[in-house]
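Chain and residue survey
In case you want the letters, here they are:
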Number of protein chains: 2
Amino acid sequence: MSTETTPLSSTPRTTLRRHRERGETDRTALYQVLDAGLVCHLGVVADGDPVVLPTAYGRDGDTLYLHGSSANGAFWAADGQRVCVTVTHLDGLVAARSVFSHSVNYRSAVIFGTASVVTDEDERWQALRVITDHLIPGRWAAARQPTTKEMAATAVMSLPLTEASVKIRTGMPKDDREDLELDVWAGVLPVSVTFGEPVPDPEQRGEIPLPAHIRDRAS
Amino acid sequence: MSTETTPLSSTPRTTLRRHRERGETDRTALYQVLDAGLVCHLGVVADGDPVVLPTAYGRDGDTLYLHGSSANGAFWAADGQRVCVTVTHLDGLVAARSVFSHSVNYRSAVIFGTASVVTDEDERWQALRVITDHLIPGRWAAARQPTTKEMAATAVMSLPLTEASVKIRTGMPKDDREDLELDVWAGVLPVSVTFGEPVPDPEQRGEIPLPAHIRDRAS
């Protein structure tokens, strides 16, 4: 991987204590894990307890954007609060000869930071474009863009990509040497996220051909 | 869905304030979302900040089990603490005519509760079986089971399935009526998690045929 980017932070909680060989210190690895993901898991503390919710996101340089309804109180409550955003790709189930050595292949990014509700209208517009195009590149330009009323109904949160850790496991099981002789099948079951054939809305008026950006996303 | 099970809890934070039509109140829906998942996201509060980590899990009746290394301090720190476990299935990207009406189809379960490190040896053994067979049903019986030393190196956490919410979105975009005439393709891009062909460990000794439990998982 490229090493031309700023290395990832090394704070106590982003320094891996276990399986250090799975740690990535290159910022490019963080970008790759985030850019390949579809949804993230946002962790906040509410009334002292952890809350973890799945949500869409997008990345613009070293800023992560999330969005929600401006009627969502939890969203506003997170303004100025510490949050954690995690993106995980499960790449395989690792079947070892011993139960103990079973594992999974994965790529994950864990980002810690202080969330801010974005108030600048230009940045809000850009953030929504980034989130929309993250899920389906090219979709923003193809769809009807937000009205003033719709913008008012939408809240945008930003999180700087300053404190993050990336972990990646690949490859085969790591059984103890004495287990290698066991008559147990061992290997990896690859797991991936795949897209099916796009299904047009039955309410579609007339013949609208499948656009390139949808075909590209689904392929 | 069956209504013969205990309904899900209705505490303030598991009562949906938005998109109530996406809420499920049947415990069977919780079981289905959990049983179909591969990894969960565990949220804890550490030094006052939220931390969200992906991990394997398994369900035994109304108990969720997680496991980790007994050398993992964070695991022990969670004993007796409030945690949140979330399992999310992304089922589709919902492309609406307006950017504002874009959405995703998903099934998610959010569980709140107090985690306990399991100390009873029989329950620990059973929990590890449940977690192993959750990822690959039948794997526990096929693989070499844990030694006393391996059991000592493994920590097991339990979480009761008492306070939980389940949300499910399915179907087509819900554009405003006046947007239906727009010349914009709308519909759903189905998303699913799929298994590829199992890859045997090159260190495998001799010919070990692919066992039924691996073939069944991958199909």
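Look up: the structure comes first, before these words.
Below, the structure is looked at part by part.

Scoring rules and cut-offs
Residues numbered from 1 in each chain as written. Chains lettered and ligands numbered in written order. Predicted model: local features only at pLDDT ≥ 70, side-chain atom pairs only at ≥ 80, totals over all residues. Heavy atoms only, no water. Pairing = 2+ DSSP bridges. Helix = DSSP H or I, 4+ residues; strand = E, 2+ residues; numbered from the N terminus. Contact = heavy atoms within 4.5 Å. Buried area = accessible area lost by both parts, 1.4 Å probe. Salt bridge = Lys/Arg side-chain N within 4 Å of Asp/Glu carboxyl O. Polar contact = N/O pair within 3.5 Å; in protein donor to acceptor, adjacent residues only side chain to side chain. Nonpolar A, V, L, I, M, F, W, Y, C, P; charged D, E, K, R; others polar.

1. Re the sheet that holds strand β8 (residues 116–117) of chain A
The pairing of strands in a sheet comes from backbone hydrogen bonds and takes either a parallel or an antiparallel form. All names here are of chain A. If you walk across this open sheet you meet the four strands as β4-β5-β9-β8, and the pairing is antiparallel. Each edge of the sheet is formed by a strand with only one pairing partner; in this case those strands are β4 (58–60) and β8. Bridge count between β4 and strand β5 (residues 63–69): three bridges; the pairing is antiparallel. Bridge assignment links Gly58 to a residue of β5, and that residue is Tyr65.

2. What to know about the interface of chain A and chain B
At the interface, 87 residues of chain A touch 87 residues of chain B. Between chain A and chain B lies a buried interface of about 7100 Å² when both sides are counted; carbon and sulfur atoms form 65% of it. Counting the surface chain A buries against chain B, the share from its top three residues, Val99, Arg144 and Trp185 of chain A, is 11%. The tally of links from chain A across to chain B stands at nine salt bridges. Here Glu181 of chain B ties to Arg205 of chain A by a salt bridge, and the two come within 3.2 Å at their closest N and O atoms. At the junction of chain A and chain B, the tally comes to 34 residue pairs in polar contact (both at pLDDT 80 or more). Among the elements that take part in the side of chain A that touches chain B, strand β11 (residues 187–195) of chain A stands out by supplying nine residues, more than any other. Class assignment of the residues belonging to the side of chain A that touches chain B gives a composition of 51 nonpolar, 18 polar and 18 charged. Bridge count between β11 of chain A and strand β11 (residues 199–200) of chain B: two bridges; the pairing is antiparallel. From the neighbouring strand, Val188 of chain A faces β11 of chain B, where its bridge partner is Val199 of chain B.

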